[in-house]
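Here are the chains, one letter per residue:
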Amino acid sequence: MEEHIDVIVIGAGAAGLSAALLLARSRRRVVVVDAGEPRNAPAQQMRGFLSNDSLSPREFLTRGRAEVVAHGATILDDRVVSVGEDRTVHLASGRSLQARRVLAASGAVDVMPPLPGVAERWGRDVLHCPYCHAYEVAERDFAVLGVNPGAVHHALLLRQWSKQVTLFSHTQQVSDEQRAMLDARGVHIVEGEVEGVVVEDDMLRAVRVAGAVHPCEVVFLPPGMRPRDEFLTGLGCDRDDRGFLRVDEYWRTSVNWVYAAGNSTDPRAQVITAAGQGSAAGFAMNHDLTMEDVALAVAADTGDVTTPA
């Protein structure tokens, strides 16, 4: 087991790498563990990140890793299996690490509806975030799938990018109030459960409902999401009603040595948001570690051998 690690960062996405960079620049001993499963892997380009708009997610992470390593941090390509109450992080390779602090920055997983063609087109012409994708496909015929209660809001929002937006209600009930808003915004509604999307010549062509084909060029859906943090199960960290980690203003979970940032705690966080959260979490952890170092130094001077919690 390695010793003298200040922080183990779980996940080398925007949040994890930003935290690792700040901590490494603070001359902390940092180890990043990453399983190589970024949520935005299907995307060809990263959008909305000032100075990096249109950069590919792969290139963004490659550059980030290089910067983190250049400042003295270590990156392990491995998977975290569990984190113990003794602050030991157990890896799939059989290796174990122990650190003073742990940052959960492993992100989330998009849960695709079981509809033919949807998962295969994900990140191409089946999309989710208007702010990430709608500008590039503006004025095409949009379809919004009613896979969860957020679909109506999604359709209303997307009307800014296209005059042709159709909401397929699928499994969602559209209330009279919602129908009035959709009508006022010129959003067409198609009732009935969606059977799948129609793809021809490697292009999305339509949505199929009850055997009928409704032409469209782009499908949007607000996906279900679940956090990718099963390794924390044994610690009993508090979670919100969606299952995501709760953190305080210092990005600390209910377990005072475990922090979280990015999609691990905020499913709405874009890349630029996650990067900022990771940096803020790194700042908070370094401050916390510094005060612990001070307490230990004072205890050594006074002969008080009590270890800070």
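In the annotation of an unreviewed UniProt entry, the entry for the protein reads NAD(P)/FAD-dependent oxidoreductase, and the organism field reads Arachnia propionica.

A.B. asks: What's the story with the pattern of salt bridges in this structure? I'm lost.
C.D. replies: Note that side chains of opposite charge can pair when their charged atoms are close. Applying the stated rule across the entire model yields 25 salt bridges. Between Arg39 and Asp110 there is a salt bridge, with its nearest N and O atoms 2.9 Å apart. Residue Arg39 is found in the loop between β2 (30-34) and α2 (57-70), and its partner Asp110 is found in strand β7 (residues 108-111); the two are separated by 71 residues along the sequence. Note on Asp110: relative accessible area 15%, which makes it buried.

A.B. asks: Can you help me understand the domain arrangement of the protein in this one?
C.D. replies: Often, the extent of an interface is quoted as the loss of accessible area on bringing the components together. Considered domain by domain, the protein is made up of domain 1 (5-110 + 224-302) and domain 2 (113-220). Here domain 1 and domain 2 have C-alpha centroids that lie 34 Å from each other. Facing six residues of domain 1, the contacting portion of domain 2 comprises eight residues. When domain 1 packs against domain 2, close to 610 Å² is buried across both sides, 51% of that on carbon and sulfur atoms. Ranking the residues of domain 1 by area buried against domain 2 places Pro42, Arg47 and Gln270 at the top, with a combined share of 62%.

A.B. asks: Looking at this model, I keep getting lost on the packing of aromatic side chains. Mind explaining?
C.D. replies: Aromatic ring pairs are defined here through the distance separating the ring centres and the angle between the ring planes. Applying the stated rule across the entire model yields three aromatic pairs. Seen in terms of ring centroids, Phe49 and Phe60 are 5.4 Å apart; in terms of plane orientation they differ by 55°. Their pairing is tilted. Of this pair, Phe49 sits in the loop between β2 and α2 while Phe60 sits in helix α2, placing them eleven residues apart in sequence.

A.B. asks: Hey, could you run me through the side chain of Arg121 in this one?
C.D. replies: Summarising the element assignment, Arg121 is placed in helix α3 (residues 118-121). With sequence-adjacent residues up to four places away left out, Arg121 is seen in contact with Val126, Val199, Asp202, Met203 and Leu204.

A.B. asks: Would you mind showing me how to read α2 here?
C.D. replies: Since there are 3.6 residues in each turn of an α-helix, residues three or four apart along the chain are aligned in direction. Across its 14 residues, α2 extends 20 Å between first and last C-alpha, which sits within 8% of the 20 Å expected from 1.5 Å per residue. On the buried face of α2, the contacting elements are α1 (14-25), β3 (74-77) and α7 (271-302). Gly72, located one to two residues past α2, shows a positive phi value of around 105°.

A.B. asks: I keep staring at the pairing of strand β13 (residues 203-209) and nothing clicks. Help me out?
C.D. replies: Two faces belong to every sheet, and in a regular strand the side chains alternate between them. One ladder, built from six bridges, connects strand β12 (residues 194-200) with β13; its direction is antiparallel. Across the sheet, residue Val197 finds its bridge partner in β13, namely Val207. Linking β12 back to β13 in an antiparallel pair, the connection comprises two residues, with Asp201 at a positive phi of about 55°. Pairing analysis gives four bridges linking β13 to strand β14 (residues 212-215), with the strands arranged antiparallel. Of the residues in β14, the one forming a bridge with Val207 is His214. Taking the residues that link successive antiparallel strands as the turn, the β13-β14 hairpin has two residues, and the phi of Ala210 there is positive, at about 50°.

A.B. asks: So what exactly am I meant to see when it comes to the sheet that holds strand β8 (residues 126-127) here?
C.D. replies: An order of β8-β15-β9-β10-β11 is seen for the five strands of this open sheet, with the pairing classed as parallel. Each of the sheet's edge strands pairs with one partner strand only, and the pair in question is β8 and β11 (188-190). In this sheet, β11 lies alongside strand β10 (residues 165-168) in parallel orientation, the contact comprising three bridges. When the sheet's bridge partners are listed, Phe168 is paired in β11 with Val190. Across the face of the sheet, helix α5 (residues 151-158) comes into contact with β9 (142-145), β10 and β15 (218-220) while running at roughly 165° to β9.

A.B. asks: It is not clear to me how a nonpolar patch on the surface should be interpreted in this structure. Could you clarify?
C.D. replies: Where nonpolar side chains cluster on the molecular surface, the patch consists of Met291, Val294 and Val298 and spans about 250 Å² of accessible area. With respect to the secondary-structure elements, Val298 resides in helix α7.

A.B. asks: Can you walk me through the packing of α1 against α7 in this structure?
C.D. replies: Packed helix pairs are characterised by how far apart their axes lie and by the angle those axes make with each other. Two numbers describe how α1 lies on α7: the axes approach to 7 Å, and their chain directions differ by 35°. Of the two possible hands of crossing, α1 and α7 adopt the one that is right-handed. Touching Ala14, Ala15, Ser18, Ala19, Leu22 and Leu23 of α1 are Val271, Ala274, Ala275, Gly278, Ser279, Gly282, Phe283, Met285 and Asn286, all from α7. When the residues that make up the contact of α1 with α7 are grouped by side-chain class, the tally is ten nonpolar, five polar and no charged.

A.B. asks: Got a minute to help me understand the pairing of strand β4 (residues 80-83) in this structure?
C.D. replies: Pairing of β4 with strand β5 (residues 88-91) involves three bridges; the strand directions are antiparallel. When the bridges of β5 are listed, Val83 appears paired with Val89. Turn length for the β4-β5 hairpin, with the two strands adjacent in sequence and antiparallel, is four residues, and the turn residue Arg87 shows positive phi of about 70°.

A.B. asks: Where do I start with the nonpolar core in this structure?
C.D. replies: A general feature of soluble globular proteins is that nonpolar side chains tend to end up buried together. Residues Val9, Val30, Val32, Phe60, Leu103 and Met285 are the most contacted members of the largest nonpolar core, which totals 33 residues. Listed by contribution, the elements that provide at least two residues to this core are β1 (2-10), α1, β2, α2 and α7. Once you skip the residues sitting within four places of it in the chain, Met285 turns out to touch Val7, Leu23, Arg101, Leu103 and Tyr259. Among the nonpolar cores identified, the runner-up in size contains 23 residues, and Val89, Ala99, Cys237 and Val258 belong to it.

Parameters and conventions
Residues numbered from 1 in each chain as written. Predicted model: local features only at pLDDT ≥ 70, side-chain atom pairs only at ≥ 80, totals over all residues. Heavy atoms only, no water. Salt bridge = Lys/Arg side-chain N within 4 Å of Asp/Glu carboxyl O. Helix = DSSP H or I, 4+ residues; strand = E, 2+ residues; numbered from the N terminus. Buried < 20%, exposed > 50% of the residue type's maximum accessible area, 1.4 Å probe, protein only. Domains from an automatic or database assignment. Contact = heavy atoms within 4.5 Å. Buried area = accessible area lost by both parts, 1.4 Å probe. Phe/Tyr/Trp six-rings, centres within 6.5 Å; stacked < 30°, edge-to-face > 60°. Expected span 1.5 Å × (residues − 1). Pairing = 2+ DSSP bridges. Axes fitted to C-alpha atoms, helices over the stretch in contact; angles between N-to-C directions. Patch = residues over 30% accessible without salt bridge, like charges linked within 9 Å, V, L, I, M, F, W, Y side chains within 5 Å. Areas by Shrake-Rupley, 256 points an atom, 1.4 Å probe, with all protein chains shown as cover. Left-handed = near helix turned anticlockwise from the far one by under 90°. Nonpolar A, V, L, I, M, F, W, Y, C, P; charged D, E, K, R; others polar. Core = buried A, V, L, I, M, F, W, Y, C linked by side-chain atoms within 4.5 Å.

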